[in-house]
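# Understanding the architecture of this molecule
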Amino acid sequence: MPRHLGWRLVAVLLLLGAAGALALTNPVRLGLDLRGGTQIVLEAGDTDRRQVDGDTVARTLEVLRRRVDQLGVAEPTLQRAGDRRVIVELPGVDDPQQAVELIGRTAQLTFHPVLALADAGDGPDAGATAGALLLADEDGTRLRLGPAALDGDAVGDARAALDPRAGTAWQVEVDFRGDGERRWAELTRDAACQQPGDPRRRVAIVLDRQVLSSPQVDPSVTCDRGITGGQTVITGGFGGDQAQDLALLIRAGALPVPVEVVEQRTIGATLGAEAIGASVQAAVVGTALTVLFLVAWYRLLGGLAAVALLAYGLLSFAVLLALRATLTLPGIAGFVLAIGMAVDANVLVFERAREEHRAGAGAGVRLALDRGFSKALSAIADSNVTTLLAAALLFFLASGAVRGFGVTLSVGVLVSMFTSLVVTRVLVDLAVRAGRGRPRPGRLGLNGGGRLAAWLAGRGPNLIGKGRWWLAGSLVALVLATAGLVVRGPNLGLELTGGRLLEYRTQRPVGLERARAALAEAGFPRAVVQRSGDADLTVRTAQVDPGADRRIEAAVAGLGGGQVERRRAELVGPTIGEELRRRALLALGLALAAQLAYLAVRFRWTFGAAAVLAMFHDVAILLGVFAWLGKPLDGVFLAALLTVIGYSVNDSVVVFDRIRERLRGLTREPLAELANTACLQTLPRTVATGLGAVFILAALFLLGGDSLTDFALALLIGIVVGTWSSVLVATPLLVAFEGRRHLPPGRRPG
């Protein structure tokens, strides 16, 4: 065995061993739909300066969302309830009480000049008329503080760190932003004008009327300058956890009004065991079908790719565990789907190796495989980089579930590239060398697809020659899709519109599966049913009229012994709020712009414009089909939509990569003919990749139960339309943009 192959094999085995150990020793964090969690109900209260109104509750909700995000809780849900309340649901929280204390704190941070030590006879309200404040410092000494010179709005960032001088003490480092930097310099400049030891040389940092720290300005700071640079440090004998919590509160911002925890309880999973079992069964069947397809079509190479896909699954799962990601049922389905779509890179390599072998690639099998890996590299890299650009922007700009999707997508792309280019390569090299220098092309699968390739090369259809007809057909499809959005309108799900929350206490326990079935028969198939507290039953549904309200109660009463007590009935807002939607749309828009810029650099602007327009075509058709079918647009659909966007651009990039490769040659073939040849050459890859995902999606659609039907349907539609548009929309658009002529040498992409 060559030395470099041996080292690669050892490295892969060590990495897989570490991933396996991580998977076995770390618990999986499950989401609210699979495990349940902690529900906290908070109520906003009036103050002397502010009355609670709709805007106040909306701002409170966003501050709470930022705090929960920074707690490290993935996939939480937050929604408004009634006029004053906010419901926070946290999956997998290790210390619910700590969460309550953090998210419920007002966190009003202010920075005050110290005017003097308080007199012994001063009461708590002394000096209030002059705007002063009497508070005890960290040592218990009472101080008279001047009006706040800065508040939390001036803070840009905060982080916990070890004191570099003490080594074991923790502190919080604060960065000011905007005008805060100037005001901090003025505050410390005025304090520095006092003599060392004078109380007036101190600055008090106050959180919720409690002095966290009141240090003296260092003697090195001069009276005419103050502390510049926009930074300060809060000390106070903090432990590590205390410093982390304080930094979190400062970063997330202050609540506009105080909130009170009016209720805390455990809640059950929103999905029953039967739904989870059906989904797992569908995932297993779909993965098995994909593996069988690979083996049947690529023989030994397909078997090796199947092993690499298992490695991909293990490595991706280990990375998600290391990142402490929370797994929901749609997330697990997306993870399984990613295994099917990870087939793409292997298919690209194997199809290129087949082409090289049919062309009589020099020394035969070994060189054909080497060239297959090397020539597929550019298409794999370009298609995955476009997806990574979108995932990175979703992570940095979005929040909540959309941000979590960006993390999962990034992990999937990076691990897929590693397994296809490293793990599969090691397995293929081992298989070739196991043939004692005479590997058989038929056994490896390099002889497959020859008849199809010959037919496409000799008598294949002129797809691009009929480009105007394809574009006209796509235009008709777009008009029909738009008509669905206008005539039927999008059916926004509970996560986007909010609805009604009903809580019942029944005479005898009610099984969740029976409750879901009874509500479906009563006309509420999409009602969310879960256990609440010790024995209560919670039903969430769209806003209903009084008659529907009574039907829901009757259905629950019929299961619970005939008598039912309604404990709560209130309107709840969306869990995906306006701010979340705005940030998600911003991230998506910037992601598309970044993809267009990348494709313009790697190819030409016309290539990027054609790919992005084809992607818009796919998204519009998917939205239109769901509007005509009356299917809900919710968080699960959003995840499917983002997956379709990545799939669409990837498909177009693979075709464009082949066009670029042919343009680099010396041929003077017209661009339309050249593009048609490139489409026909990549057609086996396009079909094989689509089938790899379709097998899993079909299994999820047929066997996965109601919880995954719409998710699988959206992706099935998206993949079919994306496969069509990459060849029959993106490529004709490219030819139309460039004109029906060959690009001169000075304009060739790449």
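Treat the numbers as computed from the prediction; the structure is a model and nothing was measured.

Right, let's get into the overall build of the chain. Assigned secondary structure in the chain consists of 22 helices and 21 strands. Scored against the burial criterion, the 750 residues of the chain give a buried share of 50%. At a minimum sequence separation of 6, the contacts of the chain that also span at least 24 residues come to 78%. Entry remark: accessible area of the chain is about 32,900 Å², with carbon and sulfur atoms responsible for 58%.

Turning our eyes to something else, we now look at the nonpolar core. Counting 61 residues, the largest nonpolar core has Leu622, Phe626, Phe656 and Ile659 as the members making the most contacts within it. Elements with a minimum of two residues in this core: α17 (578-602), α18 (605-629), α19 (635-663), α20 (671-703), α21 (706-728) and α22 (730-738). With 13 residues, α19 is the single largest residue contributor to this core. Setting aside anything within four residues of it in sequence, one finds phenylalanine 656 in contact with Phe603, Phe607, Ala610, Ala611, Ala730, Thr731 and Leu734.

Counted under the stated rule, the structure contains one disulfide. Bridging cysteine 193 to cysteine 223, the disulfide has an S-S length of 1.8 Å. Taking the sign of the S-S torsion, 80° for the link of cysteine 193 and cysteine 223, the bridge is right-handed. With cysteine 193 in the loop between α4 (180-192) and β11 (203-207) and cysteine 223 in the loop between β12 (210-213) and β13 (231-238), this pair connects stretches of sequence that are 30 residues apart.

Right, let's talk about the environment of valine 262 for a bit. Relative to the elements of secondary structure, valine 262 occurs in strand β14 (residues 259-267). With near-sequence residues (within four places) excluded, valine 262 lies in contact with Val41, Glu43 and Arg85.

One pass over the structure, following the stated rule, counts 30 salt bridges. The partner of glutamate 356 in a salt bridge is lysine 375, and the shortest N-O contact between them spans 3.0 Å. With glutamate 356 in helix α8 (residues 343-358) and lysine 375 in helix α9 (residues 365-397), the pair connects residues that are 19 residues apart, well separated along the chain. On the basis of relative accessible area, glutamate 356 is assigned to the buried category, the value being 9%. When the shortest N-O distance is used, the salt bridge between arginine 660 and aspartate 657 registers 2.6 Å. Residue arginine 660 and its partner aspartate 657 are located together in helix α19, separated by three residues, close to a single helical turn. Grouping residues by exposure puts arginine 660 and aspartate 657 together as buried. It is possible to trace a salt-bridge network through shared partners that takes in Arg8, Asp370, Arg425 and Asp429.

With that out of the way, let us pick up the pairing of strand β6 (residues 133-136). Note that β6 and strand β7 (residues 142-145) share four bridges and pair antiparallel. Considered in β7, the bridge of leucine 135 is made with leucine 143. Here β6 folds back onto β7 in antiparallel fashion, the turn holding five residues, of which glycine 140 has a positive phi close to 95°.

What follows deals with α4. If you check α4, its first and last C-alpha atoms are 18 Å apart, about what 13 residues at 1.5 Å a residue would give, namely 18 Å. Among all positions in α4, only Gly180, Trp184, Ala185, Leu187, Thr188, Ala191 and Ala192 are buried. All buried residues of α4 fall inside an arc of 165° around its axis, so they share one side.

This part covers the confidence of the model for the chain. A residue-level look at the chain finds 87% of positions with pLDDT of 70 or above and a mean pLDDT of 79. Taking the mean pLDDT of every element in the chain, the minimum, 65, falls on helix α7 (residues 329-341) and the maximum, 90, on helix α13 (residues 467-487). Low pLDDT, under 50, characterises residues 744-748; the stretch is placed with eleven contacts to residues that sit more than four places away or in other chains.

Where α19 contacts α20, the two axes come as close as 9 Å, and the packing angle between them is 135°. The pairing of α19 with α20 is recorded here as oblique in orientation. The two elements α19 and α20 meet at a crossing, and its hand is right-handed. Residues Tyr647, Asp651, Val654, Val655, Arg658, Ile659, Arg662 and Leu663 of α19 form the contact with α20, whose own contacting residues are Leu671, Leu674, Ala675, Thr677, Ala678, Cys679, Gln681, Thr682, Arg685, Thr686, Thr689 and Gly690.

All right, on to the environment of arginine 443 then. Tracing the sequence through the fold places arginine 443 in helix α11 (residues 441-444). A sequence separation of 142 residues divides arginine 443 from leucine 301, and the C-alpha atoms of the two residues are 8.5 Å apart. If we skip the residues at most four places from it in the chain, arginine 443 touches Arg299 and Leu300.

On to the packing of aromatic side chains. For the structure shown, the criterion picks out nine aromatic pairs. Aromatic pair phenylalanine 111 and phenylalanine 176: ring centres 5.4 Å apart, planes at 70°, arrangement edge-to-face. Of the two residues, phenylalanine 111 sits in strand β5 (residues 109-117) while phenylalanine 176 sits in strand β10 (residues 170-176), which places them 65 residues apart along the sequence. Classification of phenylalanine 111 by relative accessible area gives buried; the value is 0%. Owing to a relative accessible area of 9%, phenylalanine 176 belongs among the buried residues under this scheme. Taking the centre distance of 5.3 Å and the plane angle of 85° together, the rings of phenylalanine 607 and phenylalanine 656 count as edge-to-face.

For arginine 540, the position within the fold is in strand β19 (residues 536-541). Look at arginine 540 and you get buried, because its relative accessible area is 9%. Residues in contact with arginine 540, not counting those within four places in the same chain, are Gln39, Gln79, Glu89, Leu494, Arg500, Leu501, Arg526, Ala527, Val528 and Gln530.

Another point: a nonpolar patch on the surface. The grouping of Val285, Leu289, Leu292, Phe701, Leu702 and Leu703 at the surface amounts to a nonpolar patch, some 520 Å² of accessible area in total. Here leucine 292 lies in helix α6 (residues 273-322). Judged by its relative accessible area of 57%, leucine 292 falls in the exposed class.

A separate point is the environment of threonine 38. Relative to the assigned elements, threonine 38 resides in strand β2 (residues 37-44). In this structure, the C-alpha to C-alpha distance between threonine 38 and arginine 265, residues 227 residues apart in sequence, is 5.9 Å.

Moving on to the packing of α13 against α18. Between α13 and α18, whose axes approach to 8 Å, the crossing angle comes to 45°. Between α13 and α18, the interaxial angle falls into the category oblique. Crossing of α13 over α18 shows left-handed handedness. Two secondary-structure elements touch here, α13 through Ser474, Ala477, Leu478, Leu480, Ala481, Ala483, Gly484, Leu485 and Val487 and α18 through His617, Ala620, Ile621, Leu623, Gly624, Ala627 and Trp628. By residue class, the composition of the contact of α13 with α18 is twelve nonpolar, four polar and no charged.

Cut-offs applied
- Every chain is numbered on its own, with residues counted from 1 as its sequence reads.
- In keeping with the model being predicted, local features are shown solely for residues with a pLDDT of at least 70 and side-chain atom pairs are shown and tallied solely at 80 or more, while totals for entire chains, interfaces and linings include all residues.
- No hydrogens and no water enter the side-chain calculation; it runs on all heavy atoms of the structure.
- To qualify as a helix, a DSSP run of H or I must reach at least 4 residues; to qualify as a strand, a run of E must reach at least 2; elements of each kind are numbered from the N terminus.
- The cut-offs for exposure are 20% and 50% of the maximum accessible area for each residue type, with area from a 1.4 Å probe on protein chains only; residues under the lower value are buried, those over the upper are exposed, and the others partly exposed.
- In this description, contact between two residues means that some pair of their heavy atoms is separated by no more than 4.5 Å.
- Residue-level accessible areas treat just the shown protein chains as cover; the underlying method is Shrake-Rupley with a 1.4 Å probe.
- To qualify as a nonpolar core, a set must consist of buried Ala, Val, Leu, Ile, Met, Phe, Trp, Tyr and Cys residues joined through side-chain atoms within 4.5 Å.
- Two cysteine sulfurs form what is called a disulfide whenever their separation falls within 2.5 Å.
- We define a salt bridge as a side-chain nitrogen of Lys or Arg found within 4 Å of a carboxyl oxygen belonging to Asp or Glu.
- When DSSP finds two or more bridges between a pair of strands, those strands are recorded as paired.
- By this rule the span expected of a helix is its residue count minus one, scaled by 1.5 Å.
- Here the arc refers to the set of directions running from the helix axis out to each C-beta atom.
- pLDDT gives the predictor's per-residue confidence on a scale running from 0 to 100.
- Helix axes are fitted only over the stretch in contact, all axes being lines through C-alpha atoms; the angle between N-to-C directions runs from 0 to 180 degrees.
- Convention used here: angles under 35 degrees read as roughly parallel, angles over 145 as roughly antiparallel, angles from 65 to 115 as roughly perpendicular, and any remaining angle as oblique.
- Two helices cross in a left-handed way if the nearer one is turned anticlockwise from the farther one by less than a right angle. They cross in a right-handed way if the turn is clockwise.
- Aromatic pairing here means that ring centres of Phe, Tyr or Trp (its six-membered ring) are within 6.5 Å. Orientation follows from the plane angle: under 30 degrees is stacked, over 60 is edge-to-face, and everything else is tilted.
- Patch members must show over 30% relative accessible area and no salt bridge, and they are joined within 9 Å when carrying like charges or within 5 Å when they are nonpolar side chains of Val, Leu, Ile, Met, Phe, Trp or Tyr.
- Only Asp, Glu, Lys and Arg are considered charged in this grouping, and only Ala, Val, Leu, Ile, Met, Phe, Trp, Tyr, Cys and Pro are considered nonpolar; every other residue, Gly among them, is considered polar.

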